[in-house]
Amino acid sequence: MHGTSRAILSGAAMSDLQTLETQILGEIAAASDEAGLEAVRVAALGKKGSVSALLATLGKMAPDERKSAGAAINALKDRVGDALAARKSVLKGAALEARLKTETLDVTLPVRTGGLEAGRIHPISQVMDELTEIFADLGFSVAEGPDIETDDYNFTRLNFPEGHPAREMHDTFFFAPGEDGKRKLLRTHTSPVQVRTMLAQKPPIRVICPGRTYRVDSDQTHTPQFHQVEGLVIDRTANLGNLKWVLEEFCKTFFEVKNVKMRFRPSFFPFTEPSMEVDIQCRRQGGEIRFGEGEDWLEILGCGMVHPNVLRNVGVDPQEYQGFAWGMGIDRIAMLKYGMPDLRPFFEADVRWLQHYGFRPLDFPTLAGGLSG
Amino acid sequence: MKFTLSWLKDHLETDASLAEICEALTRIGLEVEHVHDPAAALKNFTIAHVLEATQHPNADRLRVCMVDTGSGAPVQVVCGAPNARAGMKSVFAPEGTYIPGKNITLGKGVIRGVESIGMLCSAAELELSEDHDGIIELPADAPVGKSYAQWADLDDPVIEINLTPNRPDAAGVAGVARDLAAAGLGKLKTPPVAPVRGEFACPVNVTLDFAAADKHLAPLFALRLVRGVKNGPSPEWMQRRLKAIGLRPINALVDITNYITFDRARPLHVFDAKKVAGDLVVRRARAGEEIVALDGKTYALDAGNVVIADDRGVESIAGVMGGEHSGCDENTTDVLIESALWDPYNIASTGRRLGVSTDARYRFERGVDPDFNNPGCDLATHLVMQLCGGEPSQMIVAGKQPVAKSGMLFPWSEVKRLTGLELTVQEMAAILEKLGFAVERTAGNSDRAIVHAPSWRPDIEGNADLVEEIVRIAGLDRVQSTPLPRASDGVAQPVLTLLQRRVSGARRALAARGMLEAVTWSFVSREQAAIFGGGAATLALANPIAADLSDMRPSLVPGLAAAAQRNAQRGYGDVALFEVGQIFRGAGENEQFYNAAGLRRGAAKPGGAGRFWGQRAAPVDVFDAKADALALLAAMGVAAGAVQIAPGGPAFLHPGRSATLQFGPKNIVGWFGELHPATLEALDLEGPLAAFEITLDALPAPKARPTRAKPKLDLSDLMPLERDFAFVVDKTTRAADLLKAVQGAERALIADASVFDVYEGPGVPDGKKSVAVSVRLQPRDKTLTDAEIDAVAARIVAEAEKKTGATLRG
């Protein structure tokens, strides 16, 4: 131990303090972890530590000697304290760094893709939601009806007389005749929903009728089931000019273009008179179709003023009420807008197709956000 | 309906170009489907003179020809045709010409060492016929250097229009011309038909043999004999037109009937009079009668068909097809010309039943012009006499000319009312008159007229039809787009029903669980239907498109399972699919429901599909299906715990790994589970497959509430505390029963109880399992003392024992 006698205090004592300090600071610097550092601290500043022992000698000194020695020893104590704190912070940082190193993971490993990333909405459903958004804004409700229909609702009330060649334009799926001798069928269009709506509801009427329809047809471009949306407006004044406007507004909004040029051609449907087919102007480039530009015409829908016979068949007076109707293929407008080249894969549930052409679960179409975002 | 431009110009005097005519046709509703302009394809082929033809020095079958093409020096052409010879005229194609029949473009060639410039062509190479035996031989007077197509009148463009069923009049070139003239494209010049003066009485009589109620089946029948005709090929011009529209020339008499069918939409029939035995009777066929028709096929007839018969039997299926026996051929010298009216519906049903589509049926079932019945016979007689000579008899007419429809009182304002388009009465009347309508102004009232439709327009029934005629000719582009007034002032009102919102919401909810939405067929196979609870005869299609698409689906799952299997076969075995769509429990309109179903295959777990480095891959199981089902119910607003889960489900599910979802035993809304191994085997599926299905229509509606405000939130300031219990119960004891017992022990305090571990094995007796339950206690008024907590714990243990026989694990 260092000297405790008065003899070494003034001259040699000062150099002893120096030696002690050098020794302690050396020990602090050499401490390799917090535990080692704590041992150094105890050895110097602990109750029985070397610096504490020096401080204990002060009491036996003369007052003037005590003053100068006290100052020197306390200064030593402070310097040791500072050195300890500084070393402690360094050691703590190093320890944390070492721990972090051991905790390091390969963050490039893949994670699981669950719900929102993996799920998809089928394009038909997405387009149905788009149609609902657009027409709800114009005050149209969504009317639905059964897929299995009667001949009466699918044909007769829609002014397709029994045996009329117009019926042959619809290759119809039939069921075996029932007990009443009448055979039911799978609706060939969603027009029977118009009949049901007009029978159930007094004008004014504004509905769209989306749904699944069926025809005995299967080749590259036809499937035995497909989807249609029809629209119906019945009131006291709705005319062909209004029909043009509704369809123009629809096409602009649906195809998300500023302008769309449409061509109305006279045509024939038993349930409308006058009847028209509508082409829209487009440009075909490679596999893509752009609307609102170009030189080509693409047929997209059929429409017309509701035939007076149809109105009479549902108990509406054609002199008091009038209106218009239109119909188009949901699958077809989905293909035109989103670029699927073929119809058949719509119903094949190939996960590669669904992942590619499907829509993300939260991409709900809204008018406020833009239909397709 | 096809016709050629020159044919049209027989009826229409016009300066309009082909493009203008086509544009107008589409604009007025006779949509041009296709225009074939053969001249464009053949414009490089010219008439050439073969000056010399010598043997090729290096090839026995080839000849070296010097050909005068009419421009410059003769060119050398190597030709392999056996008929190539000096002095002949043929068709030449210079180098650079595309040869349609060979799909090549000619280059300069050296054939077996001899230079050959251009080519002499066969008819097959020009795609004019199948004839490729030799090069085309032209008459000596064919002008060298001229366009072959032009010289041979092959430059007549063929126009095909898509005819709507309401326009039988436009099934004839004359009718098309009338529409074009009305639209301002020229002047109609169809020549009138002069009546034929018969030289003698027709020796064959006709009887219309029908009951009074059947008279409509054959209202009018005209017949004339022309004797002493010389039948043979029809003239070039007629053959060219018939060929251009895809008809095969047969002989002059038959070609005349086909020509008039297309020229005037007036189908006719000709009998070889020498083969007709006795008089003709028009009647319903008798059961068991048969006819070999002109197409060589035998048709079995019944009373639903109208026939023309003689003493021998049936000679013709009325309005559809004649019989082979009495048909006209090159030996015919006496011909009977028939022009008749038939009932459109009867013709349509006969044609449908016999499976015969002919140009005659096409027109009769749409309705031919009754006023042109007898003129049609006269027109045919003129042509027969002109092309085949002969002497005509008087015309026999059986039946009566149908009475014309009466006029319609037409307020001109109907056009504005229905279309918004304002036109002058003058313009509207002019359009109708040009289309052949008679417009009778009513005295003292200029607002309305009496309009008589022409005999060739059976489709015109009422005012709306007249409006259509006027606007289609005036031009639909003149109708101004006019905003439809908003349904209600201000912000648009909601329009969807609860079910419609749920259908759309169900799709989003299931997609958000990582599943892909499929849209599968509404039809399944009979076997699939039967396995999944369907297969009723009322839901079987009478005319399915394929055997495996024969029955309406009782469930969405068979379609999804088959889809998953197809994906697995393509190498994508871990798939999660869902569908929200219609299912059928009966054919009634209230027996169709909206179901939502999901199916997981392989390792397509809700947290992610397939193998993963951080976790061992596990196959999908009943709990994945349960999680999907409960998530869907939550998204549909069904409160957690409101639905009961009854173990066991429909027979197509694994009996020990399935459950029924219900609101009481009578109100079953769905199920979840793993598919039964027998189901997998029957449907050729590889598992594991876990699925659920819920009928959205069956879910209860949320309670109607007067405001949208949510109930007041009741929060406690006191800390909740958790206690864990390890119970030992029988292996068959249901966790739900244990939890129910635990929760029932102290309803006011127990906020939640959940199972956090289930264990069987060492330490637990055989036939038993350990179920660890965590209970969350929520004090309401004051902090619980240790004694109070112990008392609750004791009650929980006692209740669990009482209800399920549970004991605490020692």
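What counts as what
- Residues numbered from 1 in each chain as written.
- Chains lettered and ligands numbered in written order.
- Predicted model: local features only at pLDDT ≥ 70, side-chain atom pairs only at ≥ 80, totals over all residues.
- Helix = DSSP H or I, 4+ residues; strand = E, 2+ residues; numbered from the N terminus.
- Rg over C-alpha atoms; globule rule 2.2 N^0.38 Å.
- Buried ≥ 20, exposed ≤ 12 C-beta atoms within 10 Å, placed from the backbone.
- Contact = placed C-beta atoms within 7 Å.
- Nonpolar A, V, L, I, M, F, W, Y, C, P; charged D, E, K, R; others polar.
- Core = buried A, V, L, I, M, F, W, Y, C linked by C-beta atoms within 7 Å.
- Pairing = 2+ DSSP bridges.
- Expected span 1.5 Å × (residues − 1).
- Axes fitted to C-alpha atoms, helices over the stretch in contact; angles between N-to-C directions.
- Parallel < 35°, antiparallel > 145°, perpendicular 65-115°, else oblique.
- Left-handed = near helix turned anticlockwise from the far one by under 90°.
- pLDDT = per-residue confidence, 0-100.

A.B. asks: A description of the overall build of chain A should follow, citing residues and the corresponding values.
C.D. replies: When you go through chain A residue by residue, the secondary structure sums to 13 helices and 11 strands. Taken over the C-alpha trace, chain A has a radius of gyration of 45 Å; the compact-globule value for 373 residues is 21 Å, which it surpasses by more than 25%. For chain A, the residues scored as buried account for 42% of the 373 residues in total. Considering only contacts within chain A whose residues lie at least 6 apart along the sequence, 64% involve residues at least 24 apart.

A.B. asks: Let's hear about the overall build of chain B: which residues, and what values?
C.D. replies: Helices and strands together make up the secondary structure of chain B, namely 20 helices and 44 strands. Here the C-alpha radius of gyration of chain B, 42 Å, is well above what a compact globule of 810 residues would show, namely 28 Å. Buried residues in chain B amount to 43% of all 810 residues. In chain B, 68% of the contacts between residues at least 6 apart in sequence involve partners at least 24 apart.

A.B. asks: Please set out the interface of chain B and chain A residue by residue, giving values where relevant.
C.D. replies: The interface of chain B with chain A comprises 76 residues on the first partner and 71 residues on the second. Secondary-structure elements contributing two or more residues to the side of chain B that touches chain A are helix 2 (18–27), helix 8 (344–354), helix 11 (413–419), helix 13 (463–474), helix 14 (498–511), strand 30 (516–517), helix 16 (557–569) and strand 33 (576–584) of chain B. Of the residues forming the side of chain B that touches chain A, the biggest block, 6 residues, is contributed by helix 13 of chain B. Classifying every residue of the side of chain B that touches chain A by side-chain character gives 38 nonpolar, 24 polar and 14 charged.

A.B. asks: Give a description of the nonpolar core that names residues and reports values.
C.D. replies: Core analysis: the largest hydrophobic core is formed by 242 residues, its most contacted members being Phe324 of chain A together with Val335, Ile337, Val384, Ile470, Leu560 and Leu577 of chain B. Non-local contacts of Phe324 of chain A, meaning those with residues more than four positions away in its chain, are made with Val233, Ala238, Leu240, Asn242, Leu243, Cys303, Gly304, Met305 and Val306 of chain A.

A.B. asks: An account of the sheet that holds strand 18 (residues 280–284) of chain B is needed here, citing residue identities and associated values.
C.D. replies: All names here are of chain B. Spatial ordering of the open sheet is given by 15-18-21-22-23, a layout of 5 strands whose pairing is mixed. Of all strands in the sheet, those bounded by a partner on one side alone are strand 15 (206–208) and strand 23 (321–322). In the sheet, strand 15 pairs with strand 18 via 3 bridges, with the strands oriented parallel. For Val206, the partnering residue across the bridge sits in strand 18 and is Leu280.

A.B. asks: Give me the lowdown on helix 7 (residues 252–264) of chain B, citing residues and values where you can.
C.D. replies: All names here are of chain B. Between its first and last C-alpha atoms helix 7 spans 18 Å; for 13 residues at 1.5 Å apiece the expected length is 18 Å, and the two agree. Helix 7 sits mainly inside the fold: 13 of its 13 residues count as buried. A positive backbone phi angle near 55° is found at Ala265, which sits one or two residues after helix 7.

A.B. asks: Explain the sheet that holds strand 29 (residues 445–452) of chain B residue by residue, including any values.
C.D. replies: Residue and element names in this part refer to chain B. A sheet is described by the order of its strands in space; here 3 strands give the open sequence 27-29-28, paired in antiparallel fashion. A strand with exactly one partner marks an edge of an open sheet, and here the two such strands are strand 27 (408–411) and strand 28 (438–442). Going across the sheet, the axis of each strand differs from the next one's by a mean of 35°, ignoring polarity. Bridge analysis of strand 27 against strand 29 gives 4 bridges, and the strand direction is antiparallel. When the sheet's bridge partners are listed, Phe410 is paired in strand 29 with Ala449.

A.B. asks: Outline the environment of Asp551 of chain B, supporting the account with residue identities and numerical values.
C.D. replies: All names here are of chain B. Turning to its location among the elements, Asp551 is positioned in strand 32 (residues 551–552). Classification of Asp551 by C-beta neighbours within 10 Å gives buried; the count is 24. Separated by 496 residues in sequence, Asp551 and Gln55 have C-alpha atoms that sit 72 Å apart. The contact partners of Asp551, leaving out residues within four places of it in the chain, are Phe523, Val524, Ser525, Arg526, Ala529, Gly534, Gly535, Leu539 and Ala540.

A.B. asks: Go over the packing of helix 19 (residues 735–744) of chain B against helix 20 (residues 786–804) of chain B, please, and point to the residues and values.
C.D. replies: All names here are of chain B. Where helix 19 contacts helix 20, the axes come no closer than 8 Å and their chain directions differ by 140°. In this view, helix 19 runs oblique relative to helix 20, as classed from their interaxial angle. The two elements helix 19 and helix 20 meet at a crossing, and its hand is right-handed. Listed contacts from helix 20 to Asp737, Leu738, Ala741, Val742 and Gly744 of helix 19 are Ile796, Glu799, Ala800, Lys803 and Thr804. Class assignment of the residues belonging to the contact of helix 19 with helix 20 gives a composition of 5 nonpolar, 2 polar and 3 charged.

A.B. asks: Outline the pairing of strand 3 (residues 174–177) of chain A, supporting the account with residue identities and numerical values.
C.D. replies: Residues and elements named next belong to chain A. Alignment of strand 3 against strand 4 (residues 183–186), held across 2 bridges, turns out to be antiparallel. Looking at the pairing, Phe174 lines up with Leu185 of strand 4. Counted along the chain from strand 3 to the antiparallel partner strand 4, the turn is 5 residues long, and its residue Gly181 has a positive phi close to 80°.

A.B. asks: Account for the pairing of strand 11 (residues 322–329) of chain A, with residues named and values stated.
C.D. replies: All names here are of chain A. Counting buried residues along strand 11, 7 of its 8 residues qualify, which places the element largely inside the surrounding structure. Pairing analysis gives 8 bridges linking strand 6 (residues 225–235) to strand 11, with the strands arranged antiparallel. Among the inter-strand pairings, Gly231 is bridged to a residue of strand 11, identified as Trp326. Bridge analysis of strand 10 (residues 296–306) against strand 11 gives 4 bridges, and the strand direction is antiparallel. Bridged to Gly302 within strand 11 is Gly327.

A.B. asks: An account of the environment of Gly687 of chain B is requested, with residue identities and associated values reported.
C.D. replies: All names here are of chain B. Here Gly687 lies in the loop between helix 18 (677–682) and strand 40 (689–695). Under the C-beta neighbour-count criterion, Gly687 is labelled partly exposed, with 19 such atoms within 10 Å. Along the primary structure Gly687 and Glu236 are separated by 451 residues, whereas in three dimensions their C-alpha atoms are 71 Å apart. If near-sequence neighbours (up to four positions away) are discounted, Gly687 is found in contact with Leu675 and Leu680.

A.B. asks: Now, about the confidence of the model for chain B: what can you tell me, with residues and values included?
C.D. replies: Taken residue by residue, chain B gives an average pLDDT of 93. The fraction at 70 or more is 100%. Across the interfaces of the predicted complex, the ipTM metric reaches 0.88, alongside a pTM of 0.86.

A.B. asks: Which residues make up the packing of helix 3 (residues 50–57) of chain A against helix 4 (residues 63–103) of chain A, and what values do they have?
C.D. replies: A packed helix pair is summarised by two numbers, namely the angle formed by the two axes and the spacing between the axes. Residue and element names in this part refer to chain A. Running from amino to carboxyl end, helix 3 crosses helix 4 at an angle of 160°, the nearest separation of the two axes being 10 Å. Regarding the angle of helix 3 to helix 4, the classification is roughly antiparallel. In this structure, helix 3 meets helix 4 at a crossing whose hand is left-handed. Facing helix 3, whose interface residues are Val51, Leu54 and Leu55, helix 4 presents Ile73, Leu76, Lys77 and Val80.

A.B. asks: Could you give an account of helix 8 of chain B, with specific residues and numbers?
C.D. replies: If you check which residues of helix 8 of chain B are buried, you get Pro344, Asn346, Ile347, Ala348, Thr350, Gly351 and Leu354 of chain B. Trailing helix 8 of chain B by a residue or two, Gly355 of chain B shows a phi angle of about 70°, which is positive.

A.B. asks: Go over the confidence of the model for chain A, please, and point to the residues and values.
C.D. replies: When pLDDT is averaged across chain A, the result is 90; 96% of the residues are at 70 or more. In this model residues 1–9 of chain A is a low-confidence stretch, pLDDT under 50, and it forms 11 contacts with partners more than four residues away in sequence or in other chains.

A.B. asks: I'd like to hear about the environment of Asn463 of chain B, residue by residue, with values.
C.D. replies: Residues and elements named next belong to chain B. Tracing the backbone through its elements, the reader meets Asn463 in helix 13. Residue Asn463 is classed as buried on the basis of its C-beta count, with 20 C-beta atoms lying within 10 Å. For Asn463 and Leu409, which are 54 residues apart along the polypeptide, the C-alpha to C-alpha distance reads 8.2 Å. Apart from residues lying up to four places away in sequence, Asn463 is in contact with Met408, Phe410 and Glu414.

A.B. asks: With reference to specific residues and values, describe unusual backbone geometry.
C.D. replies: At the junction of Pro203 of chain A and Pro204 of chain A, the peptide bond is cis and its omega measures out at 5° in the coordinates. Residue placement: Pro204 of chain A occurs in the loop between helix 9 (191–200) and strand 5 (205–214). A cis amide bond links Gly687 of chain B to the next residue, Pro688 of chain B, at an omega of -5°. Within the fold, Pro688 of chain B resides in the loop between helix 18 and strand 40.

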